[in-house]
Amino acid sequence: KICLSRAQEGETRLSLKEKEGAHAKLIAATLGGPALEILFSAVFFTLYFLFPHNEICIALAVFGVFALSEAICELLPAEFAVGKTDGMVLSELFHKTGETEISLRLMQAQCIIEKEGIAKVPREILFDVPVVREDSLSFIELLRMRIEYCRATGDETVAAATRERLERIQ
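Figured I'd write up the structure that's included with this text. (Residues numbered from 1 in each chain as written. Predicted model: local features only at pLDDT ≥ 70, side-chain atom pairs only at ≥ 80, totals over all residues. Heavy atoms only, no water.)

In terms of regular secondary structure, the protein is built from 7 helices and 4 strands. Its helices and strands in sequence order give the protein the pattern β-β-α-α-β-β-α-α-α-α-α, from N to C terminus. A globule of 170 residues ought to have a C-alpha radius of gyration of about 15 Å, yet the protein, at 21 Å, is considerably larger. Taken along the three principal axes of its C-alpha coordinates, the protein extends 75 × 30 × 25 Å. Per-residue burial over the protein gives 34% buried out of 170 residues. Restricting the contact set of the protein to residue pairs at least 6 apart, pairs at least 24 apart contribute 48%. (Helix = DSSP H or I, 4+ residues; strand = E, 2+ residues; numbered from the N terminus. Rg over C-alpha atoms; globule rule 2.2 N^0.38 Å. Buried < 20%, exposed > 50% of the residue type's maximum accessible area, 1.4 Å probe, protein only. Contact = heavy atoms within 4.5 Å.)

A cluster of nonpolar residues, Leu31, Ile38, Leu68, Ile72, Leu75 and Leu76, forms a patch on the protein surface that exposes about 480 Å² of accessible area. Only helix H1 (22-50) and helix H2 (55-75) provide two or more residues apiece to the nonpolar patch. Examining the composition of the nonpolar patch, we find that 3 residues originate from one element, H2, more than from any other. Within the secondary structure, Ile72 is located in helix H2. (Patch = residues over 30% accessible without salt bridge, like charges linked within 9 Å, V, L, I, M, F, W, Y side chains within 5 Å. Areas by Shrake-Rupley, 256 points an atom, 1.4 Å probe, with all protein chains shown as cover. Salt bridge = Lys/Arg side-chain N within 4 Å of Asp/Glu carboxyl O.)

Geometry only, nothing functional implied.
Pasting the structure below:
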């Protein structure tokens, strides 16, 4: 299951309840917004062509154009100062790259930690990750989780090196 919570205007936060099928669940959640916009535009255009033309039908047609154009814009892969489009998130999910992949791995690790403890997290979830900018919030959280993991598994050398790296970044 996926838990969605409202964060800020226009933003949805997502957390996983189960580790299995995480990529497919996140892809489905990401496609929800654009799919709804396409559905709205289809309904608006259908109503426009079904009923006699008046001010309401014209307004529906205009809303249909806006909804369709917004869906197309959401699906374009782009990253802005305020965040990523759904298209960019989907691209990273399909290619298993970028901050989206790291965020997904963090969510998977959190599912395991909640049920079994940090020592049971498979090492590859935290260490075999795509390369991203070190100053990204996802990467910083990954480093924090690596430190906890290394302490729990008795690897103090890697924990100390990771802690030093984290301190250099912050």
